[in-house]
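Understanding the architecture of this molecule
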Amino acid sequence: MNKEPEENSESKPKEETEKPKETGVAVDNKTVFHGTLKYLSYNEVLELQGIEDPNAGYADTSEKFALLVFDNEIYVTAESGNGTGSYTDKAKMIKLPNFADVANYNGKEVKVKITSMFWPSDTSLPLSQPYALEGEYEIVE
């Protein structure tokens, strides 16, 4: 009975990181995700997500993205980008902003420990996917 508070994840964001096994979560309140690191162009992110450009004519299409891409969608708990608390939703990838060593990991399977991330409240790419905060993630072996 005490294993079912998943629907009430907004009131217990720290405990949420300890529950769902499918997210690859560690029990030390640090979240470890396993996926493939991809360094993609703006248009490659659109292609990966299978979407039209939500910012056509306004975006910097020369931007590059470091993304941790999962084999399947997983449930991720992160802060809301609009400041209303945290919530859990499905994600196919996590953006890793300003990843300094991305060229050495591009295309490789990695584990990334993320201590803080958020769901965007705008139409930035990758669309509707969580972002790790800069300096709040690291590759772990």
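Attention in this report is confined to the structure presented alongside it. (Residues numbered from 1 in each chain as written. Predicted model: local features only at pLDDT ≥ 70, side-chain atom pairs only at ≥ 80, totals over all residues. Heavy atoms only, no water.)

1. Here we look at unusual backbone geometry
Leave glycine aside and you will find that most residues have negative phi; peptide bonds, for their part, are mostly trans. The omega angle of the peptide bond from L125 to P126 is -10°, so this bond is cis rather than trans. One can find P126 in the loop between β5 (117-119) and β6 (131-132). Look at N98: it is not a glycine, yet its phi comes out positive at around 50°. With respect to the helices, strands and loops of the structure, N98 is situated in the loop between β3 (86-95) and α3 (102-105). (Helix = DSSP H or I, 4+ residues; strand = E, 2+ residues; numbered from the N terminus.)

2. Side note on the pattern of salt bridges
Proximity of charged atoms lets side chains of opposite charge pair with each other. Evaluated as defined, the whole model comprises 2 salt bridges. A salt bridge links E63 to K95; its shortest N-O distance comes to 3.7 Å. With E63 in the loop between α2 (42-49) and β2 (64-80) and K95 in strand β3, this residue pair connects regions lying 32 residues apart in the sequence. You can call K95 buried: its relative accessible area is 12%. Between E138 and K113 there is a salt bridge, and its shortest N-O distance comes to 3.3 Å. One end of the pair, E138, is in strand β7 (residues 137-140); the other, K113, is in strand β4 (residues 109-114), with 25 residues separating them in the sequence. For K113, a relative accessible area of 21% gives the class partly exposed. (Salt bridge = Lys/Arg side-chain N within 4 Å of Asp/Glu carboxyl O. Buried < 20%, exposed > 50% of the residue type's maximum accessible area, 1.4 Å probe, protein only.)

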